Amino acid sequence: MKKVKIGLIGFGTVGTGVVKLLKRNKELIAEKTGVLPVIEKIADLDITTDRGVEIPDGILTTNINDVLNNPDIDVVIELVGGTTYARDFVEKALKNGKAVVTANKALLADCGEDLFNLAYEKSLDFYYEASVAGGIPIIKALRESLSSNNINTVYGILNGTCNYILSRMEDEGTAFDEILKDAQKAGYAEADPTFDIDGIDTAHKTIVLASLAFGNWFNMDDVHVEGIRGIDLLDFKYAAKLGYRIKLLSIIKNTSDGIEMSVRPTLVPADSLIGSVHGVYNCVWINSDWLGNSMYYGQGAGEKATASAVVSDVIDIALNLKNNASNRIPAFTKGTRFKGLLGEENSRGRFYLRIQLANRPGVFGEIATVFGEYGISLASVDQKEIDQNKKMAQVVVLTHDANQNSLNSALEKIRQFDEAGKNIVVFKIEDFE
């Protein structure tokens, strides 16, 4: 039986889950694969707190070098998060000849290309299944199962916190701030939820998926990012009447003009598979040239889901080591698939607009003229509630396919009208056609 010795850095929620999973199912793993992953060392600043799992003497350490410089360790699992210490740990592990598994999407988004190049130079595996969508095996699907396909489009609900908040806002008609507080109490949202609700976490994951799909390493400057702060309950009501739901969507498109990447609240058909993803669950929907459409759904975070993905990478690496086949399927490969980047201003799509207009005859005709000047074709116009005190009406507009930059210019001109409110709500619509 081939034993593969593991050094674990970070003994928090996910690290604890990894230890519990390996302890519980080590015989199953050995039976299925012929390799036995063994925890050799666990490094953490806190080695006294009871994690609910028994650790043999001599395994726990506060000295990171007991992992990084240990000649017996084959695989290092990095679970400390962030981009400073984590990068140092991963680089040193690779330089010391150890394969690496990480769940750190921020690290990959910030300096993934350098780390993958180092792993390639050292002929070592560097795997990262748990970095995107938790327990959903989406990295393996893109890297292996779809390796014969050109990727056309990727849509993802990649942040359970945001999906939980948006689902409850829609279902209960409760405001954002109140649900965010509930999410924090339930442990679905951090005390500082900025990375989640401002779309940054989803953008990191978008970069990882796009880089894997198209063989070019992207960065945060390449992704248009909007979060979910300030979404009004009115828009859930109006979207529902139109047959849509609002989701924070990761959008990756391989267009004839380049790769489009964005993270933004988006209207999706309520009866679509993506529209049916509620609560803290994640999903990834992929269209490729040969397979066509496929969708991957499951738990996107948490101890069990993330630990399952981490251990799956450990098993892959263990099998590679057993068969002397490191870099059998590289974690990231550069190639000729990347044809350039399409800036957000040049992207196209359908749009939902909510505009406050003075409740008087002829005012919308003036607004419609502006849309016409910028080549924006309107699919429907619907006047909603009227605020009698302000004498303003809510008008919901759906456009046909339009250029983002042209729409932005039209809306900027409309905001100058005395009869129009300055806060115009804009959501992109994805019909998955």
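Predicted, not measured: the structure shown is a model, and the values here were computed from it.

A. Representation of the pairing of strand 10 (residues 258-269) within the structure. In terms of burial, strand 10 is a largely internal element, twelve of the twelve residues being buried. Looking at chain direction, strand 8 (residues 224-225) and strand 10 are connected through two bridges and run parallel. For V225, the partnering residue across the bridge sits in strand 10 and is V263. As paired strands, strand 9 (residues 244-255) and strand 10 are joined by twelve bridges and run antiparallel to one another. If you follow K247 over to strand 10, its bridge partner there is T266. Linking strand 9 to strand 10, which pair antiparallel, is a turn of two residues. The sheet contact formed by strand 10 and strand 17 (residues 425-429) spans two bridges and is parallel. From the neighbouring strand, L267 faces strand 17, where its bridge partner is I429.

B. Expanded view of the environment of V90. Residue position: V90 is located in helix 3 (residues 85-95). Residue classification places V90 among the buried residues on the basis of a relative accessible area of 1%. Each C-alpha atom, one on V90 and one on V76, is 8.1 Å from the other, the two residues being 14 residues apart in sequence. With residues up to four places along the chain from it excluded, the contact list for V90 reads E78, V100, L107, L115 and F126.

C. Structural detail: the side chain of N104. The residue N104 is located in the loop between strand 5 (99-102) and helix 4 (105-121) in this model. Only 2.7 Å separates the side chain of N104 from the backbone oxygen of G82, close enough to count as a polar contact. Beyond its immediate stretch of four places on either side in the chain, N104 contacts E78, G81, G82, A86 and S131.

D. Main features of the side chain of T33. Its place among the elements puts T33 in helix 1 (residues 13-33). A polar contact is formed between the side chain of T33 and the backbone oxygen of I29, at a distance of 2.6 Å. Within the structure, T33 has its side chain in polar contact with the backbone nitrogen of V35 (distance 3.2 Å). Those residues in contact with T33 that sit more than four places away from it in its chain are I315, L319 and K322.

E. Examining the packing of helix 4 against helix 9 (residues 200-214) more closely. Packing of helix 4 against helix 9 leaves a shortest axis separation of 8 Å and a crossing angle of 60°. Here helix 9 runs oblique to helix 4, going by the angle between their axes. In terms of crossing hand, the pair formed by helix 4 and helix 9 is left-handed. From helix 4, K105, A106, L108 and A109 reach across to helix 9, where they touch D201, H204, K205, I207 and V208. Of the residues that constitute the contact of helix 4 with helix 9, the class distribution is five nonpolar, one polar and three charged.

Basis of the calculations
- Residues numbered from 1 in each chain as written.
- Predicted model: local features only at pLDDT ≥ 70, side-chain atom pairs only at ≥ 80, totals over all residues.
- Heavy atoms only, no water.
- Buried < 20%, exposed > 50% of the residue type's maximum accessible area, 1.4 Å probe, protein only.
- Helix = DSSP H or I, 4+ residues; strand = E, 2+ residues; numbered from the N terminus.
- Pairing = 2+ DSSP bridges.
- Contact = heavy atoms within 4.5 Å.
- Polar contact = N/O pair within 3.5 Å; in protein donor to acceptor, adjacent residues only side chain to side chain.
- Axes fitted to C-alpha atoms, helices over the stretch in contact; angles between N-to-C directions.
- Parallel < 35°, antiparallel > 145°, perpendicular 65-115°, else oblique.
- Left-handed = near helix turned anticlockwise from the far one by under 90°.
- Nonpolar A, V, L, I, M, F, W, Y, C, P; charged D, E, K, R; others polar.

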